[in-house]
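# Residue-level structural notes
The chain contents come next:
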Amino acid sequence: MTPSFQQKDIKDLTKRQLAQWLEDQGVRAFRATQIFKWIYLRQADDFDAMTDLGKSFRDLLAAHFTINRLAPVTIDISGDGTRKYLFQLADGQYIESVLIPEKNHHTLCVSTQVGCAQGCKFCLTAKGGFKRNLSTGEILAQIRDVKKDLLQPQNLKNIVFMGMGEPLANYNNLLNAIETITDSDNGLKFSTRRVTVSTAGLTPKILELGVATHINLAISLNATDNKTRSLLMPINRTYPMEDLIEACKHYPLLPRRKITFEYVLIKGINDSAEDAGRLVKLLAHVRAKINVIPFNPYPGTDMKRPSDKVISHFLGILLDGGFTAIIRHSKGQDISAACGQLSAHAGQV
Ligand code: SAH
């Protein structure tokens with residue numbers, strides 16, 4: 001069928017939205033579950049493959065929708081097994097997704113925007129500025145397409161929204177994507193325990209997310225006083241730290257879950273023993289675990305990673321303060337796939 005201008009990526013719709021569209025066409029809503037199974041569980045690439053749907057119904061779907069994939073440009077494989085996918089979008093823009101293999105399961109780090117508007121001083125993605133939000137279909141395609149590329153797709157168990165962009169600045173598309181990612185009947189079937197949204201701190205959206213979903217929350221804190229945080233992360237001028245921490249205290253966490261606080265440790269900027277002590281006090285009344293991420297350098301930055309001694313001293317203070325805390329050694333550094341190193345320029349890799 002020749003594409004028509006009204007055609008849209010069917011993955012932009014949640015199952016409920018698709019069911020509604022079907023009803024509007026006079027088709028029984030339960031057909032949405034069949035279509036979802038074909039797209040997300042059986043990886044169908046066109047409607048004609050959906051053999052349990054009648055021919056005229058398949059034609060109706062094909063007249064209105066496409067089932068888009070992203071165009072893979074390169075797949076870099078790190079010495080530690082990390083795989084960085086560079087994808088081209090239909091309008092020519094580029095994004096990256098990073099697959100991090102672990103012993104029994106893989107984690108996929110997914111992008112939500114082309115570029116980023118947050119302007120965090122330590123992050124390479126910020127340097128290229130903001131281009132646009134990803135659609136729900138483009139967010140989901142990263143997961144669906146990478147799964148298709150894997151020899152053992154069932155090993156992909158964790159999704160982290162820690163790629164390019166600020167997830168909560170693309171809230172509606174993110175929420176729709178999460179609905180399909182965690183749809184345990186016909187969608188991508190990820191457990192809510194294994195999906196994490198990381199935010200630079202768009203405070204009002206944090207509580208909305210907590211009410212709308214049961215997924216995990218990670219906060220990129222990165223400093224312990226407003227002056228330093230505002231220098232590193234301009235968003236702090238709009239939503240200062242005390243409001244952010246207050247929102248975290250009210251986040252509707254399920255029993256036994258914690259909010260992850262990410263703290264990029266940068267030499268001479270936020271890595272002192274005083275910082276560690278302030279962090280302990282700041283998070284005293286939050287159900288928190290802390291991931292300390294030694295700064296990952298990239299060409300052109302003046303910032304540096306602290307020495308191992310400083311890093312372990314910082315961690316020690318958090319542990320003495322009673323927190324669950326780890327040093328997160330970013331994988332995939334040799335292929336620029338680590339935290340803060342994503343930039344998605346074709347030809348750069
Ligand atoms: N915008 C979201 C999602 C990006 S996640 C957020 O800010 O949380 C990217 C994570 O990598 C964040 O925790 C960020 O603080 C961290 N990061 C960014 N640049 C980094 C760098 N150069 N080295 C180490 N971590 C970095």
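These figures come from a predicted structure and were not determined experimentally.

## So, the overall build of the protein
Within the protein, the secondary structure is distributed over twelve helices and 14 strands. Taking 2.2 N^0.38 as the reference for a compact globule, 349 residues should give roughly 20 Å; the C-alpha atoms of the protein span a radius of gyration of 21 Å, in line with that estimate. Taking contacts inside the protein between residues at least 6 apart in sequence as the whole, the part at least 24 apart equals 66%. As presented, the protein carries roughly 15500 Å² of accessible surface, and 52% of it is formed by carbon and sulfur atoms. A gap of 4 Å separates the mean positions of the 43 positive and 34 negative side-chain charges of the protein.

## With respect to the packing of aromatic side chains
The full count for this structure, using the stated rule, is five aromatic pairs. When the centroid spacing of 5.1 Å and the interplanar angle of 55 degrees are considered together, the rings of Phe 36 and Tyr 40 count as tilted. With Phe 36 and Tyr 40 both in helix α2 (residues 31-41), this residue pair falls four residues apart, about one helical turn. By relative accessible area, which is 4% here, Tyr 40 ends up buried. Cation over ring: Arg 42 sits above Trp 38, and NZ or CZ is 4.3 Å from the ring centre. For the cation-ring pair, Lys 205 lies above Tyr 171, with the distance from its terminal atom to the ring centre recorded as 4.8 Å.

## Some points on the sheet that holds strand β12 (residues 259-265)
Read from one edge to the other, the open sheet built from ten strands follows the order β3-β4-β5-β6-β9-β10-β11-β12-β13-β14, with strand pairing classed as mixed. The two strands at the open ends of the sheet, each matched to only one other strand, are β3 (71-77) and β14 (324-327). Adjacent strand axes in the sheet meet at a mean angle of 20 degrees when their direction is disregarded. As paired elements, strand β4 (residues 83-88) and strand β5 (residues 94-101) share six bridges and run antiparallel to each other. If you follow Tyr 85 over to β5, its bridge partner there is Ser 97. Relative to the sheet, helix α6 (residues 171-181) contacts β9 (156-161) and β10 (195-199), its axis offset from that of β9 by approximately 170 degrees.

## A few points about the domain arrangement of the protein
Quoted interface sizes are often the accessible area lost when the parts come together. In terms of domains, the protein is made up of domain 1 (8-66) and domain 2 (71-348). The interface of domain 1 with domain 2 comprises 17 residues on the first partner and 17 residues on the second. Interface area, domain 1 with domain 2, both sides summed: about 1500 Å², of which 47% is carbon and sulfur. When the buried surface of domain 1 facing domain 2 is broken down by residue, Lys 11, Tyr 40 and Gln 43 rank first, second and third, together holding 39% of it. Put simply, domain 1 and domain 2 have four salt bridges between them. A salt bridge links Glu 179 to Arg 16; its shortest N-O distance comes to 2.8 Å. Counting every contact that joins domain 1 to domain 2 gives nine residue pairs in polar contact (both at pLDDT 80 or more). Of all the elements in the fold, those that place two or more residues in the side of domain 1 that touches domain 2 are α1 (15-24) and α2. Here the element with the most residues in the side of domain 1 that touches domain 2 is α2; it accounts for six residues. Across the side of domain 1 that touches domain 2, the residue classes break down as six nonpolar, four polar and seven charged.

## Some words on the site of the ligand
In the neighbourhood of the ligand, 20 residues make up the surrounding shell, with Phe 122, Glu 166, Ser 198, Ser 220 and Asn 296 lying closest. The separation between an oxygen atom of the ligand and a polar main-chain atom of Thr 199 is 3.4 Å. Contact distances for the ligand include 3.5 Å between an oxygen atom and a backbone N or O atom of Ala 200. Protein chains bury 95% of the 540 Å² of accessible surface belonging to the ligand in isolation. Under a 2 Å grid-point criterion requiring more than half of the atoms, the pocket assigned to the ligand is the largest cavity.

## Side note on the pairing of β12
Counted residue by residue, β12 has seven buried out of seven residues, so it is predominantly covered. Of the two faces of β12, both are covered, the one formed by Ile 259, Phe 261, Tyr 263 and Leu 265 as well as the one formed by Thr 260, Glu 262 and Val 264. Where strand β11 (residues 216-220) lies against β12, three bridges are found, and the strand directions are parallel. In the strand pairing of β12, Ile 219 is matched with Phe 261. Of the strand pairs in this sheet, β12 and strand β13 (residues 288-294) are connected by seven bridges, and their pairing is parallel. Paired with Glu 262 across the two strands is Asn 291, which belongs to β13. Of the crossover connections in this fold, the one passing from β12 over helix α11 (residues 273-282) to the parallel β13 is right-handed.

## Considering the pairing of β14
With four bridges joining them, β13 and β14 adopt parallel strand pairing. When the sheet's bridge partners are listed, Asn 291 is paired in β14 with Ile 326. After leaving β13, the chain enters helix α12 (residues 308-320) and then returns to the sheet as β14, a path that is right-handed.

## With respect to the nonpolar core
Core analysis: the biggest nonpolar cluster contains 98 residues, and Leu 18, Ile 35, Phe 122, Phe 161, Ile 181, Leu 209 and Phe 261 have the highest contact counts within it. No other element matches α2, which puts six residues into this core. Counting only domains with at least three residues in this core, you end up with domain 1 (8-66) and domain 2 (71-348). Beyond its immediate sequence surroundings of up to four residues, Phe 122 is in contact with Asn 222, Leu 232, Met 233, Val 264, Ile 266, Phe 295, Tyr 298 and Met 303.

What counts, and at which threshold
- Residues numbered from 1 in each chain as written.
- Predicted model: local features only at pLDDT ≥ 70, side-chain atom pairs only at ≥ 80, totals over all residues.
- Heavy atoms only, no water.
- Helix = DSSP H or I, 4+ residues; strand = E, 2+ residues; numbered from the N terminus.
- Rg over C-alpha atoms; globule rule 2.2 N^0.38 Å.
- Contact = heavy atoms within 4.5 Å.
- Areas by Shrake-Rupley, 256 points an atom, 1.4 Å probe, with all protein chains shown as cover.
- Lys, Arg positive; Asp, Glu negative; His and termini not counted.
- Charge placed at Lys NZ, Arg CZ, Asp CG, Glu CD.
- Phe/Tyr/Trp six-rings, centres within 6.5 Å; stacked < 30°, edge-to-face > 60°.
- Buried < 20%, exposed > 50% of the residue type's maximum accessible area, 1.4 Å probe, protein only.
- Lys NZ or Arg CZ within 6 Å of the ring centre and 35° of its normal.
- Pairing = 2+ DSSP bridges.
- Axes fitted to C-alpha atoms, helices over the stretch in contact; angles between N-to-C directions.
- Domains from an automatic or database assignment.
- Buried area = accessible area lost by both parts, 1.4 Å probe.
- Salt bridge = Lys/Arg side-chain N within 4 Å of Asp/Glu carboxyl O.
- Polar contact = N/O pair within 3.5 Å; in protein donor to acceptor, adjacent residues only side chain to side chain.
- Nonpolar A, V, L, I, M, F, W, Y, C, P; charged D, E, K, R; others polar.
- Near = heavy atom within 4 Å.
- 1 Å grid on protein atoms, 1.4 Å probe; cavity = no way out; pocket = protein on both sides within 12 Å on 5 of 7 lines; lining within 4 Å.
- Sits in = over half its atoms within 2 Å of the grid points.
- Right-handed = clockwise from strand over helix to strand, strands pointing away.
- Core = buried A, V, L, I, M, F, W, Y, C linked by side-chain atoms within 4.5 Å.

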